[in-house]
Amino acid sequence: MFPHLVAGPIVRYADLYNDIESRKRDYDLFCYGVGRFLLGLNKKILIANTMANVADFAFSISPDIRTFSDAWLGAIAYSLQIYFDFSGYSDMAIGLAAMAGIKIKENFNAPYLSCSIKEFWRRWHISLSSWFRDYVYIPLGGSRCSKVKIYRNLLAVFILCGFWHGAQWTFLVWGLIHGCLLILERLFLDAILQKLPSIISRCYCLFAIVIAWVVFRSDSLTFAWTYIKQMLMLSNVEYTSAVNIPMKGMTYFVMLLGIFISLHPLKIFSGGTPFNREFSDLNFILQIILAVISISVLYLGARNPFIYFNF
């Protein structure tokens, strides 16, 4: 099928069967696909690539000169980079498929709005989560077994999820962090989170996600531990709020814009879905204007690899 989906969404034949067998020319769906493709392009070039420069610098400078502010800016930048890189890729895949007359389900649903890790995995890389649920978690017994086996199943799923991204200890530990947090939420944490104001629950979830992304991004567990200690002011390096990362005004603006977009519901910035299209003319025109800027940035030689191709 064109487009060939290299990194996701993971599309099953059952989801494509009807569109393949009875595909029709749909002008509205084609236009939606163009707009959705441009949206993904703009996410990738204008936000993900800008955040990549900040994250790469933060993770490459010496721990001796990396400050508390550098560590947090780098961690937030990487959290935005990986989200807009992969959600942008998914937007482009969904858009290309729509242009070909095929409707693909959403792969992201504002995951950084989650109030728990359990909710996060219902919103992040939805096709991968459902694949592991149907082909690993449920065959192992799912939730219809003893509590001990449920916890075993969760750990098995997230150990495999870690190795899915690469044969490195950092990926394994990233998966274990999520698996252990899911177990803690099943034991007692979820009951506590439900009683707390949603803003506190979201802060807990975002903090856990960002810390886990640091492990995911690091080259080694030693590096990850050193970086996290600097974020938590537990290292021997003297605390300072200074920033060594070269941040221009536009970079700060893009970071704030990325935070704003990632903390708002999907439909506001996606124009709905191929099944429920809400792409307004104003949004379409905006994406075209931004796409011209994105193409200009590419022409000038900006780095633009999709980082999820590495996993």
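Just above sits the structure.
Residues numbered from 1 in each chain as written. Predicted model: local features only at pLDDT ≥ 70, side-chain atom pairs only at ≥ 80, totals over all residues. Heavy atoms only, no water.

In this structure, what is going on with unusual backbone geometry? I would like to understand it.
If a residue is not glycine, its phi is most likely negative; likewise, a peptide bond is most likely trans. Within the chain, Ala-110 stands out as a residue other than glycine whose phi angle is a positive 45 degrees. Topologically, Ala-110 is positioned in the loop between α3 (68-99) and α4 (117-123). In this structure Ala-110 comes out as buried when scored by relative accessible area, which is 2%. (Helix = DSSP H or I, 4+ residues; strand = E, 2+ residues; numbered from the N terminus. Buried < 20%, exposed > 50% of the residue type's maximum accessible area, 1.4 Å probe, protein only.)

Which parts of the structure should I look at to understand a nonpolar patch on the surface?
A contiguous nonpolar surface patch, about 610 Å² in accessible area, is contributed by Leu-184, Leu-187, Phe-188, Ile-192, Leu-196, Ile-199 and Ile-200. Mapped onto the nonpolar patch, the elements with two or more residues apiece are α7 (169-195) and α8 (198-217). Here the nonpolar patch takes four residues from α7, the largest share from any one element. Among the secondary structure elements, Phe-188 is positioned in helix α7. Residue classification places Phe-188 among the partly exposed residues on the basis of a relative accessible area of 44%. (Patch = residues over 30% accessible without salt bridge, like charges linked within 9 Å, V, L, I, M, F, W, Y side chains within 5 Å. Areas by Shrake-Rupley, 256 points an atom, 1.4 Å probe, with all protein chains shown as cover. Salt bridge = Lys/Arg side-chain N within 4 Å of Asp/Glu carboxyl O.)

Would you mind showing me how to read α3 here?
Each turn of an α-helix holds 3.6 residues, which means side chains three or four residues apart point in the same direction. Between its first and last C-alpha, α3 extends 46 Å over 32 residues, near the 46 Å set by a 1.5 Å rise per residue. At the C-terminal side of α3, Gly-101 shows a positive phi close to 85 degrees. (Expected span 1.5 Å × (residues − 1).)

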